[in-house]
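Survey of secondary and tertiary structure
Here are the chains, one letter per residue:
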Amino acid sequence: MPTKREYKDDYPDKTLYIPGPTEVREDVIEAMCEPMFGHRMDRMTDLYTTVVEDTKEFLDTDNHVVVLTGSGTEFMESSILNLVDERVLCTTCGSFSERQANVAERLGKTVDTLEYEWGKAVKPEDVREALETSDVEYDAVTCVMNESSTGVRNPVEEIGDVVAEYPDTSFVVDAVSSLGGDYVDIDAHGIDVIFTSVQKAFAMPPGLAVCVVSDDAYERELESDSASWYGGFQRTIDYYDRKGQTHSTPAIPVMLAYRTQMKHMLEEGHDARDERHRAMAEYTREWAREHFDTFPEAGYESQTVACIENTRGIDVAETIEAVSREYDMVFANGYGSQLGERTFRIGHMGEHDLESIEALTDAIEDVADL
Ligand SMILES: Cc1ncc(COP(=O)(O)O)c(C=O)c1O
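Residues numbered from 1 in each chain as written. Predicted model: local features only at pLDDT ≥ 70, side-chain atom pairs only at ≥ 80, totals over all residues. Heavy atoms only, no water.

Section: the environment of P35
By the secondary structure assignment, P35 is in the loop between α1 (26–30) and α2 (42–59). Taking the relative accessible area as the measure of exposure, P35 reaches 63% and is therefore exposed. Taking the C-alpha atoms as reference, P35 lies 13 Å from V254; in sequence the two are 219 residues apart. (Helix = DSSP H or I, 4+ residues; strand = E, 2+ residues; numbered from the N terminus. Buried < 20%, exposed > 50% of the residue type's maximum accessible area, 1.4 Å probe, protein only.)

This is the structure in structure tokens:
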């Protein structure tokens, strides 16, 4: 049992370079400070329809968009409930893709895994082989776009093209740490479901999860015996179509923040945002190779999270602590017991730019005496 650690009122501000939550603009924080209004008022319809339609425009998709109070894990669960009656193929290559498989198992589904060593990427040809050699048709294939634990960016576009050859199989993509910072053409690659949390590359305060749902996925849910109530695609989309609102009370302040941040995102545009993130990723990779090494399989490095192999054997925990103490900047250790000290991670997403990433790498160089 943890003991109560009294929350204080005077924590120093830290600049976040962790793989989420990330830095949030001041006007986006301020947007939350409005007197409260009701979730069935016309004002809510204005807010939610703006949020949904702006998201479609930003992501350049004709699919449905659902924004619900919750975190990304909500859609890991509801995608399985909505689309999988019996059998799912989960591709796994790190902690979050393994979580997706675990969620499906706990929901009582038959889960086959296509497993990769942590640090390796999922290959479309292996997915093809798994689908071709399976005795049964899978209800769905799952894949993480950006495996935040290892810094791997999976080729979800090519994998989507393979799964699209199997019309009865839905393709579900966890894009939690990449959507908004790494361009993906959702509609062109048969991605039936792709979800994210807003505290990552969308650079918003946590509290909302976003899911983009194809017409096929919407229709398929009808046949499912166990569709999710809260995250049910039909319930959420039908409610939007009828009333322009969410089926239950949303985190209204965070939706106000969303509306303000989405204006900034539309102004910058998805392509320009992608370019900015690419530049940060290239810089961080080069820096990592100069001083350490990169952990992910070559050619599959993430555009939003650098996972750096600690080839010099620095004390990762102590370096993080010292950078935080001396520079008020926070980056992340490696994920879990497997990668804790063997790697460390830099989240270069959301509001960051080359200059702010350079400020962090300068601080690490100073503290670790590189
Ligand atoms: C790839 C990936 N999937 C899922 C999650 C879980 O997201 P949330 O904490 O918003 O539920 C995370 C969180 O870091 C993630 O990086």
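Back to the text.
As for empty space enclosed by the protein
Taken as a whole, this structure holds three cavities of 30 Å³ or more when the rule is applied. Looking at the largest cavity, its volume works out to about 60 Å³. Along its surface, the largest cavity is lined by 13 residues, and R285, T294, E301, A306 and C307 are the ones closest to its centre. Looking at the lining of the largest cavity, the elements with two or more residues in it are α10 (270–291) and β12 (305–309). A per-class count over the lining of the largest cavity returns seven nonpolar, four polar and two charged. Considering only enclosed or pocket space, the second largest cavity measures out at about 40 Å³ in volume. T91, F96, S97, Q100, T142, C143, V144 and D174 are the residues that line the second largest cavity. Among the residues making up the lining of the second largest cavity, the classes are represented as three nonpolar, four polar and one charged. (1 Å grid on protein atoms, 1.4 Å probe; cavity = no way out; pocket = protein on both sides within 12 Å on 5 of 7 lines; lining within 4 Å. Points joined across faces, edges and corners; volume = space filled by probe spheres on them. Nonpolar A, V, L, I, M, F, W, Y, C, P; charged D, E, K, R; others polar.)

Re the environment of H39
Position of H39 among the secondary structure elements: in the loop between α1 and α2. Residues H39 and S248, 209 residues apart in the sequence, show an inter-C-alpha distance of 8.1 Å. The contacts of H39, once residues within four sequence positions are left out, are M44, Q245, S248, T249, P250 and I252. (Contact = heavy atoms within 4.5 Å.)

Things to note about the site of the ligand
Among the 14 residues in the neighbourhood of the ligand, the closest are listed as S71, T73, S148, S197 and K200. A distance of 2.6 Å separates an oxygen atom of the ligand from a polar side-chain atom of S71. Interatomic distance of 2.9 Å between a backbone N/O atom of G72 and an oxygen atom of the ligand. Protein burial of the ligand: of its 390 Å² of free accessible surface, 88% is covered by the chains. Broken down by secondary-structure element, the contributors of at least two residues to the shell around the ligand are α3 (73–83) and α4 (95–106). The residue makeup of the shell around the ligand, split by class, is four nonpolar, seven polar and three charged. (Near = heavy atom within 4 Å. Polar contact = N/O pair within 3.5 Å; in protein donor to acceptor, adjacent residues only side chain to side chain. Areas by Shrake-Rupley, 256 points an atom, 1.4 Å probe, with all protein chains shown as cover.)

Observations concerning the packing of aromatic side chains
Per the stated rule, a full pass over the model turns up eight aromatic pairs. With centroids separated by 6.3 Å and ring planes inclined at 80 degrees, the aromatic side chains of F58 and F202 adopt a geometry described as edge-to-face. Here F58, found in helix α2, pairs with F202, found in the loop between β9 (193–197) and β10 (208–213); they are 144 residues apart in sequence, far enough to count as distant. The class of F58 is buried, set by a relative accessible area of 3%. Here F202 and Y258 contribute two aromatic rings whose centre-to-centre distance is 6.3 Å and whose plane-to-plane angle is 75 degrees, an arrangement assigned as edge-to-face. (Phe/Tyr/Trp six-rings, centres within 6.5 Å; stacked < 30°, edge-to-face > 60°.)

Observations concerning a negative patch on the surface
Taken together, the side chains of D85, E86, E137, D168, D215, D216, E219, E223 and D225 define an acidic patch exposed on the protein surface. Judged by its relative accessible area of 46%, D216 is partly exposed. (Patch = residues over 30% accessible without salt bridge, like charges linked within 9 Å, V, L, I, M, F, W, Y side chains within 5 Å. Salt bridge = Lys/Arg side-chain N within 4 Å of Asp/Glu carboxyl O. Lys, Arg positive; Asp, Glu negative; His and termini not counted. Charge placed at Lys NZ, Arg CZ, Asp CG, Glu CD.)

Quick word on helix α9 (residues 252–268)
End to end, α9 covers 25 Å across 17 residues, agreeing with the expected 24 Å (1.5 Å per residue, within 8%). Those residues of α9 that fall on the buried side of the exposure criterion are I252, V254, M255, L256, A257, Y258, T260, Q261, M262, H264 and M265. Elements that come into contact with the buried residues of α9 comprise α1, α2, β2 (64–69), β10 and α10. Once α9 finishes, G269 follows within two positions and takes phi at roughly 90 degrees, a positive value. (Expected span 1.5 Å × (residues − 1).)

Observations regarding the sheet that holds strand β8 (residues 170–174)
Read from one edge to the other, the open sheet built from seven strands follows the order β2-β10-β9-β8-β5-β3-β4, with strand pairing classed as mixed. A single partner strand is all that each edge strand has here, and the edge strands are β2 and β4 (110–115). This sheet shows a mean twist of 20 degrees between the axes of neighbouring strands, independent of strand direction. Bridge analysis of strand β5 (residues 140–144) against β8 gives five bridges, and the strand direction is parallel. Paired with A140 across the strands is S170, a residue of β8. Most of the contacts of α3 go to β9, to which it runs at about 160 degrees, and overall it touches β2, β3 (87–92), β5, β8, β9 and β10. Contacts between helix α6 (residues 156–163) and the sheet are confined to β5 and β8, with β8 contributing the most and set at about 165 degrees to the helix. (Pairing = 2+ DSSP bridges. Axes fitted to C-alpha atoms, helices over the stretch in contact; angles between N-to-C directions.)

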